[in-house]
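Structure at a glance
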Amino acid sequence: MNSDKEDILRFGTEAVWAGEKEQRVHRATQVPVVVSVSYAYEDMDEWYDVATGKKPGHIYGRNTNPTVTAFEDKVRTLEKAEAATSFSSGMAAISNTLYTFLRPGDRVVSIKDTYGGTNKIFTEFLPNINVDVTLADTGDHAALEFEIQKGCQLVYIETPTNPTLKITDIERIAKAAKKVGALVVADNTFASPVNQAPLSLGVDLVLHSATKFLGGHADALGGVVCGSKELVEQIYHYREINGASLAPWDAYLLLRGMKTLKLRVRQQAENAMQIAHFLEKQELVEAVYYPGLKTHLHHDIAQKQMKGFGGMLSFALKGGMESVSILLPALKYANCAANLGSVETTYGPARTTSHVEVTPEERKALGIPEGLVRVSAGIEDIEDLLADLGQAFDHLTMEISKK
Ligand SMILES: *Cc1c(COP(=O)(O)O)cnc(C)c1O
């Protein structure tokens, strides 16, 4: 495991302090939620200078906002990027990034297992503007390299994937993409910047659904993309005109959540590992997917490029949805819900969470069993989570024996 102690220490401190002081007012120790849509100027020349970017400042809420700026600065610092810009949701970050750079006739290479919404952009929307999209088998690095070397403008990766936690070797794929001059974009939502730094592995742009681990409390929607100033400015321009701006209240909640990012994610990864070990021992469990397990297909790659294995795992239950429908409602300390990355442990079948947008046939083709359950480990005490799982499995065993 790549555990650079000094790096970790710096991360935790930055998570608390970065982006904050620049925005504070009235000696308040916290960043204000500036709900104002506009900013008034008495000096017409100053107004003009700010509006034309000659002077720093704010003009209109769709473009910039002080609370939003603090959030962007914090993420940018944690991803060690030159610049960051934010969005109203993770999907807005993804779509705005893709539409900023892609033109008719371009070719995109990605993987089959991207987030369901991202997959829809690739299969439904980009073909509409004559962008050719090739989706390689996730985890088949040779196939991905083969497609990239045929020539493409953009390579899009997501690792670990949703919901079967497949791993892509970021450094290897970024290298292949650079050879053909393609832009490399990585969705770092599942790993979070605590566990993975794609920019240091050769990626051009790293993006997040801030709704998940960054916010961490399932109470704010947001997205963010980080990278060089030159690239991020282009995406910012696309977003300020197309309008998917992050709201100040959400920015504040995300900013507040991020102060505890390292503590939360560390606890979530510890809990995820223990839940994975527990599930491995269950007779009614067919398979467990967690990059931290030695049995994971790409455990070695995960170990090389991640500092921790994250809070996400999944498992396939024998008996498919019928068993899932008995097990999940029996859990007391778990939300059965579509979100992930929150402080509460959350369970959901893939068919109603990550891959609700795709058909049963498409799920089958992606190798997602109908009995697959995604688990987002929370920060609760592990003894309680395992006891809860234990009683739910006892209940399932009893119900099955009745049949
Ligand atoms: C949730 C999620 C998204 C989409 O984010 P929203 O904030 O829901 O729009 C994108 N990528 C991954 C990996 C996600 O988990």
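These numbers were taken from a predicted model, which means no experiment stands behind them.

**Some thoughts on the site of the ligand**
Residues in close proximity to the ligand total 14 residues, the closest being Gly90, Met91, Asp187, Thr211 and Lys212. At 2.7 Å, a side-chain N or O of Asp187 approaches a nitrogen atom of the ligand. Between the ligand and the protein, one listed contact pairs an oxygen atom with a side-chain N or O atom of Ser209 at 2.8 Å. Bound to the protein, the ligand loses 93% of the 380 Å² it would expose on its own. For the shell around the ligand, the element with the most residues is helix H4 (residues 90-101), which contributes three residues.

**Topic: the sheet that holds strand S5 (residues 183-187)**
Read from one edge to the other, the open sheet built from seven strands follows the order S1-S7-S6-S5-S4-S2-S3, with strand pairing classed as mixed. Each end of this open sheet is capped by a strand with a single partner; those strands are strand S1 (83-87) and strand S3 (132-136). For this sheet, the mean angle separating the axes of adjacent strands, direction not counted, is 20 degrees. Where strand S2 (residues 107-111) and strand S4 (residues 154-158) come together, two bridges link them in parallel fashion. Bridge assignment links Val108 to a residue of S4, and that residue is Leu154. Helix H3 (residues 66-78) contacts S1 and strand S7 (223-227) of the sheet and is inclined by roughly 130 degrees relative to S1.

**Focus: the sheet that holds strand S10 (residues 335-336)**
Taking strand neighbours across the sheet as the criterion, the five strands line up as S8-S9-S12-S11-S10 in an open arrangement whose pairing is mixed. The open sheet has two edge strands, strand S8 (285-289) and S10, and neither has a second partner. Pairing geometry for strand S9 (residues 312-317) and strand S12 (residues 372-376), over five bridges, is antiparallel. Residue pairing in the sheet places Leu313 in a bridge with Val375 of S12. In this fold helix H13 (residues 320-327) packs onto S9, strand S11 (346-349) and S12, with an angle of close to 120 degrees to the strand it touches most, S9.

Here is what the cut-offs are and how they apply
Residues numbered from 1 in each chain as written. Predicted model: local features only at pLDDT ≥ 70, side-chain atom pairs only at ≥ 80, totals over all residues. Heavy atoms only, no water. Near = heavy atom within 4 Å. Polar contact = N/O pair within 3.5 Å; in protein donor to acceptor, adjacent residues only side chain to side chain. Areas by Shrake-Rupley, 256 points an atom, 1.4 Å probe, with all protein chains shown as cover. Helix = DSSP H or I, 4+ residues; strand = E, 2+ residues; numbered from the N terminus. Pairing = 2+ DSSP bridges. Axes fitted to C-alpha atoms, helices over the stretch in contact; angles between N-to-C directions. Contact = heavy atoms within 4.5 Å.

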